[in-house]
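Take a look at the letters that make up each chain.
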Amino acid sequence: MTQPVLSVRNLKVEFVTRRGILRAIDDVSFDIAPGEVLGVVGESGAGKSLTGTAIIGLIDPPGRIAGGEVLLQGSRIDNLEKEAMRKIRGKRIGMIFQDPLTSLNPLFKISEQLVETIQTHTDMNAAQARQRAIDLLTEVGIPAPEKRIDGYPHEFSGGMRQRVVIALALAAEPELIIADEPTTALDVSVQAQIITLLKKLCRERGTAVMLVTHDMGVIAETADRVAVMYAGRIAEIGPVREVVQKARHPYAKGLMGAIPTLESSAERLMQIPGAMPRLTAIPKGCAFNPRCTEVFARCHVERPDVIPVGLSQVACWLYDTRKEAAA
Amino acid sequence: MSAQAQNASTSGAFVTVRDLKKTFDVSKPWLERTIERAPKQFLKAVDGVTFDIKKGETFALVGESGSGKSTVARMVVGLLPVSGGEVMVDGISMTTTVDSAAREKLRRRIQMIFQDPYASLNPRWRVQDIIAEPIRAFNLLSSPKDITDRVGELLTLVGLSPLDGVKFPHQFSGGQRQRVAIARALASNAEFIVCDEPTSALDVSVQAQILNLMRDLQDKMGLTYLFISHNLAVVRHMASTIGVMYLGRLAEVSAAKEMFRSPRHPYTRMLLDAVPDLGMSGRARIPVQGEIPSPINPPSGCTFHPRCPLVNDRCRSEAPLPIAGVACHAVQEGRMGEMAARKLA
């Protein structure tokens with residue numbers, strides 16, 4: 001078996017507040033293989049984006065990584081010095097954020113931003129770097145890149161800006177790309193273009209992608225595997241078909257049923273009662289138990305860990321052979 | 001035009017929008033204009049939109065950002081003055097009638113739900129005051145006890161507890177806030193509610209709750225909705241009739257079921273093809289081309305022609321008029337077969 005590009009082991013992230021320590025990410029583990037797209041979904045506050053931030057080491061105090069390991073190509077990166085981590089970001093891990101306007105500096109030309117990134121991570125001279133920047137823009141589908149490269153970010157439309165951001169992320173040929181809601185700020189028609197582009201580039205280069213989004217449709221189209229997160233933990237992780245069509249965790253089931261689709265003809269959408277608990281009031285046992293329709297005694301007492309069910313892994317006592325709580 | 005509107009209202013339309021237009025002045029400041037000898041510049045945000053909504057129905061407007069959906073919504077409720085055309089609700093013109101008394105009466109029956117429940121509720125007011133405001137503003141009830149009872153009733157109706165009335169908006173989650181906004185819209189016994197992207201700021205599981213609530217209320221109280229959204233799947237779930245907007249014009253108006261089964265306008269087809277597919281049916285699709293152009297300087301002829309796979313010379317020069325709900329030369333000339341052929345290729 002090939003070594004995974006990224007390996008996250010029992011990651012825990014905590015925030016120290018006046019009201020005590022809040023655990024925002026609790027025991028999250030997953031791998032991403034070369035060329036694989038892992039989708040991470042969940043509601044706001046489930047810890048999706050924070051997982052991404054933790055991997056690239058950008059958690060600001062009062063937040064901190066309280067336990068677990070992050071391995072890039074088998075070596076730990078979560079305990080590196082700031083300077084060493086800074087070299088990895090951009091070079092080995094590329095990042096694409098939600099809002100393409102805020103991730104580009106409005107005062108610099110696209111060319112300056114691309115050339116700077118390329119020269120930081122490679123030893124090209126200015127002319128080579130500029131040529132490389134033009135090649136990158138061509139690759140992400142920007143028409144007339146020789147002309148457009150000297151434009152400022154405000155001269156580009158939302159979709160075009162996101163293409164520039166993707167070009168920036170690809171500049172140093174990273175092994176892993178973390179894309180945090182890359183299409184949320186875009187219109188559907190443009191969203192489809194960006195997804196297709198991202199998928200094509202990764203397939204061609206064998207880059208691993210962690211795609212964080214709340215849009216299940218995007219995941220279904222793009223990802224190879226999906227992790228469904230709830231209240232800082234992974235509820236279910238498995239191949240995309242398996243999770244979308246045969247979701248096993250009651251939360252994942254509810255989530256899939258709640259999404260209106262073009263094909264469905266149901267009069268009412270399935271709805272999950274209630275809302276996700278606040279970090280200050282995570283219930284004992286399984287965090288989903290107050291909203292779960294299939295809750296039983298053990299759920300209130302013991303917290304489930306992920307167990308293999310079919311091709312997926314599910315954190316739910318329904319799939320454990322032992323149904324009662326440990327005495 | 002007015003006679004036509006009269007016809008429509010007798011044929012059962014509750015809301016009639018005729019040739020609605022909105023032009024914004026986007027000129028540079030006077031001094032700059034004088035120095036540069038530049039002419040005034042206008043942006044046609046909405047350019048001749050016509051549709052009817054029957055009582056108890058949901059009419060949805062879909063389209064990309066900048067297509068003018070929200071501008072139409074704002075003009076329909078009267079938040080924006082119209083630049084041309086007419087809006088009639090229950091036979092009373094909102095735009096041209098001199099009879100302001102009749103229009104004032106009509107105001108009570110029209111309410112709006114906004115996109116962002118974090119911005120549309122006053123953070124310094126208790127929820128009971130927020131909901132009671134329309135009751136007080138329209139003098140519907142006078143005794144404080146009656147008002148309290150009515151607010152409690154409304155809160156129960158939208159799935160909250162009457163005891164929640166004393167709380168402030170920040171004590172609620174996004175979905176609960178949107179419920180408060182719905183309660184406020186219903187407080188004046190509104191019959192026609194304009195919803196501008198009511199669920200796009202919410203998570204999917206909460207979105208499902210709000211959409212279900214809106215449908216239940218419609219069944220219970222016979223509400224009429226004008227529903228604005230960019231999410232086609234949500235629209236498919238809510239609407240009975242759909243209007244697809246592109247650069248301030250309606251490209252297609254069709255019954256919802258009909259549109260999803262057999263979209264007619266090339267733009268509608270493109271939009272439907274672009275929606276990420278949860279079913280992963282692997283249907284054939286035409287890759288979307290380009291982006292919505294700037295409305296300040298729209299393309300000549302049919303404004304969709306630079307992105308259209310079926311464009312010909314006529315499309316570049318002549319703007320199509322809507323015939324049977326579709327404004328497209330290719331549809332009218334029967335050239336749509338080419339699109340299917342392209343899909344297979």
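Because the structure is predicted, anything quoted here is derived from the model rather than measured.

Brief notes about the confidence of the model for chain B
Residues and elements named next belong to chain B.
Here is step 1: Predicted confidence across chain B gives a mean pLDDT of 85, with 91% of residues reaching 70 or more.
Here is step 2: A low-confidence stretch, residues 1-10 stays under pLDDT 50, and its non-local contacts, those more than four residues away or across chains, total 14 contacts.
Here is step 3: Across the predicted assembly, pTM comes out at 0.82 and ipTM at 0.74.

Describing the sheet that holds strand β3 (residues 37-41) of chain A
All names here are of chain A.
Here is step 1: Reading across from one edge, β6-β7-β8-β3-β9-β10-β12-β11 is the order of the 8 strands in this open sheet, with mixed pairing throughout. Strands at the two margins of the open sheet, each flanked by one partner only, are β6 (93-96) and β11 (307-309). Strand-to-strand twist of the sheet, defined as the mean angle between neighbouring strand axes without regard to direction, takes the value 20°.
Here is step 2: Sheet strands touched by helix α6 (residues 158-170): β6 and β7 (176-180). Its angle to β6, the strand with the most contacts, is close to 170°.

What to know about the sheet that holds strand β4 (residues 63-72) of chain A
Residue and element names in this part refer to chain A.
Here is step 1: With respect to topology, 4 strands assemble into an open sheet ordered β2-β1-β4-β5, the strand pairing being antiparallel. Sheet topology places β2 (20-32) and β5 (75-76) at the edges, where each strand pairs with a single neighbour.
Here is step 2: Sheet topology places β4 next to β5; 2 bridges connect them, and they run antiparallel. Note on β5: the bridge partner recorded for L71 is R76.
Here is step 3: In the packing of helix α1 (residues 48-55) onto the sheet, the strands contacted are β1 (6-17), β2 and β4, and the crossing angle to β1 comes to about 105°.

What to know about the interface of chain B and chain A
Here is step 1: Across the boundary between the two partners, chain B contributes 32 residues, which contact 34 residues of chain A.
Here is step 2: Those elements giving two or more residues to the side of chain B that touches chain A turn out to be α8 (204-221), α9 (232-238) and α11 (266-274) of chain B.
Here is step 3: When the residues that make up the side of chain B that touches chain A are grouped by side-chain class, the tally is 18 nonpolar, 9 polar and 5 charged.

Considerations on helix α7 (residues 188-205) of chain A
Here is step 1: An ideal rise of 1.5 Å per residue puts 26 Å on 18 residues; α7(A) measures up with 26 Å between its terminal C-alpha atoms.
Here is step 2: If you check which residues of α7(A) are buried, you get V188(A), S189(A), V190(A), Q191(A), A192(A), Q193(A), I194(A), I195(A), L198(A) and C202(A).
Here is step 3: Buried positions along α7(A) lie against β3, α6, β7, β8 (208-212) and α8 (216-222) of chain A together with α11 of chain B.
Here is step 4: Looking one or two residues beyond α7(A), the residue adopting positive phi is G206(A), at roughly 70°.

What about α6(A)?
Residue and element names in this part refer to chain A.
Here is step 1: For α6, spanning 13 residues, the distance from its first C-alpha to its last is 18 Å, which sits close to the expected 18 Å at 1.5 Å a residue.
Here is step 2: Of all the residues in α6, the buried ones are G159, M160, R161, Q162, R163, V164, V165, I166, A167, L168, A169 and L170.
Here is step 3: Buried residues in α6 make contact with β6, α3 (110-121), α4 (126-139), β7 and α7.

Looking at unusual backbone geometry
With the exception of glycine, the majority of residues adopt a negative phi angle, and the majority of peptide bonds are in the trans configuration.
Here is step 1: Between P61(A) and P62(A) the backbone carries a cis peptide bond, its omega angle lying at 10°.
Here is step 2: Turning to its location among the elements, P62(A) is positioned in the loop between α1 and β4.

About the thresholds
Residues numbered from 1 in each chain as written. Chains lettered and ligands numbered in written order. Predicted model: local features only at pLDDT ≥ 70, side-chain atom pairs only at ≥ 80, totals over all residues. pLDDT = per-residue confidence, 0-100. Contact = placed C-beta atoms within 7 Å. Pairing = 2+ DSSP bridges. Helix = DSSP H or I, 4+ residues; strand = E, 2+ residues; numbered from the N terminus. Axes fitted to C-alpha atoms, helices over the stretch in contact; angles between N-to-C directions. Nonpolar A, V, L, I, M, F, W, Y, C, P; charged D, E, K, R; others polar. Expected span 1.5 Å × (residues − 1). Buried ≥ 20, exposed ≤ 12 C-beta atoms within 10 Å, placed from the backbone.

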